[in-house]
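Each chain, written out:
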Amino acid sequence: MNDPVLRICGVSKRFPAPGGAVEALRDVSLELAEGEFVAITGPSGSGKSTLLHIAALLETPTSGDVWLDGENVANLSGRALAARRGRKIGMVFQKFCLLPHRNVLDNVLFRFRYTRHPRAEARALACAALETVGLRERMEHKARLLSGGEMQRVALARAIALPPRLLAADEPTGNLDRAAAEGVMDCLRALNGRGVTILLVTHNDALLRHCSRHLRLEDGRIVS
């Protein structure tokens with residue numbers, strides 16, 4: 001039996017604060033099998049983004065273990081974590097995090113900044129990712145001139161240009177109107193249909209119909 005793509009075991013996360021440490025996560029455990037599309041919901045401050053950032057290797061837990069493809073990565077150095085993240089994780093942020101004065105293709109090519117891919121190979125992969133999200137014809141346009149939905153699809157193309165083992169998406173439709181949000185979710189569902197494992201944080205319960213499993217977080221714990 002294959003290892004889960006992601007296994008989080010007894011993870012807690014505390015952040016220092018003037019009045020005492022804030023416990024964002026409390027003894028959280030979850031597994032994501034290959035090809036799952038899992039949504040995390042919960043009220044503001046429940047720990048959703050912290051959990052996603054730990055899953056995406058952007059944060060390290062205060063205690064507990066994080067396994068990615070059968071490897072315990074919880075105690076790796078920053079450089080080692082960055083290497084695993086670059087090879088295996090695609091991250092989509094709510095606010096896009098694009099370079100506004102660079103064109104669409106350059107923004108997707110940023111995914112290869114710390115890899116050893118030859119320029120021609122990186123360009124081919126970036127163009128294929130833009131084709132996947134329906135934006136290949138826009139690749140010479142400046143990012144700042146795109147609509148919100150197009151910006152989010154560029155961010156999605158950047159995340160998948162190197163095919164990830166896990167795609168982590170933090171409120172990817174939070175800044176979009178309904179039509180643009182549905183377009184982004186259609187892209188995510190198509191990627192999941194190709195076998196990409198997806199972990200999605202959202203406040204929008206209407207998006208849950210796209211997902212295969214739903215976890216709810218409250219006060220730093222999974223409650224359902």
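A few points on the structure. (Residues numbered from 1 in each chain as written. Predicted model: local features only at pLDDT ≥ 70, side-chain atom pairs only at ≥ 80, totals over all residues. Heavy atoms only, no water.)

Regarding the state of the cysteines
- With the rule as written, the count across this model stands at zero disulfides.
- Summary of cysteine pairing: Cys127 is not part of a disulfide, and the nearest cysteine sulfur, belonging to Cys187, is at 16 Å.
- Looking at Cys127, the relative accessible area reads 5%, which means it is buried.
- The thiol of Cys187 is not disulfide-bonded; the next cysteine sulfur, from Cys211, is found 15 Å away.
- Assessed through its relative accessible area of 13%, Cys187 is described here as buried. (Disulfide = S-S within 2.5 Å. Buried < 20%, exposed > 50% of the residue type's maximum accessible area, 1.4 Å probe, protein only.)

Regarding the layout of surface pockets
- What the largest pocket holds in volume is close to 680 Å³.
- Taken together, the elements giving at least two residues each to the lining of the largest pocket come down to helix H2 (78-88), strand E6 (89-92) and helix H5 (148-160).
- In terms of residue count, H2 provides more of the lining of the largest pocket than any other element does, five residues in total.
- Here the residues of the lining of the largest pocket sort into twelve nonpolar, four polar and five charged.
- Taken as a whole, the second largest pocket spans an internal volume of roughly 190 Å³.
- For the second largest pocket, the full set of lining residues is Leu99, Arg102, Asp106, Leu109, Phe110, Phe112, Arg113, His117, Pro118, Arg119 and Ala122.
- Secondary-structure elements contributing two or more residues to the lining of the second largest pocket are helix H3 (104-109) and helix H4 (119-132). (1 Å grid on protein atoms, 1.4 Å probe; cavity = no way out; pocket = protein on both sides within 12 Å on 5 of 7 lines; lining within 4 Å. Points joined across faces, edges and corners; volume = space filled by probe spheres on them. Helix = DSSP H or I, 4+ residues; strand = E, 2+ residues; numbered from the N terminus. Nonpolar A, V, L, I, M, F, W, Y, C, P; charged D, E, K, R; others polar.)

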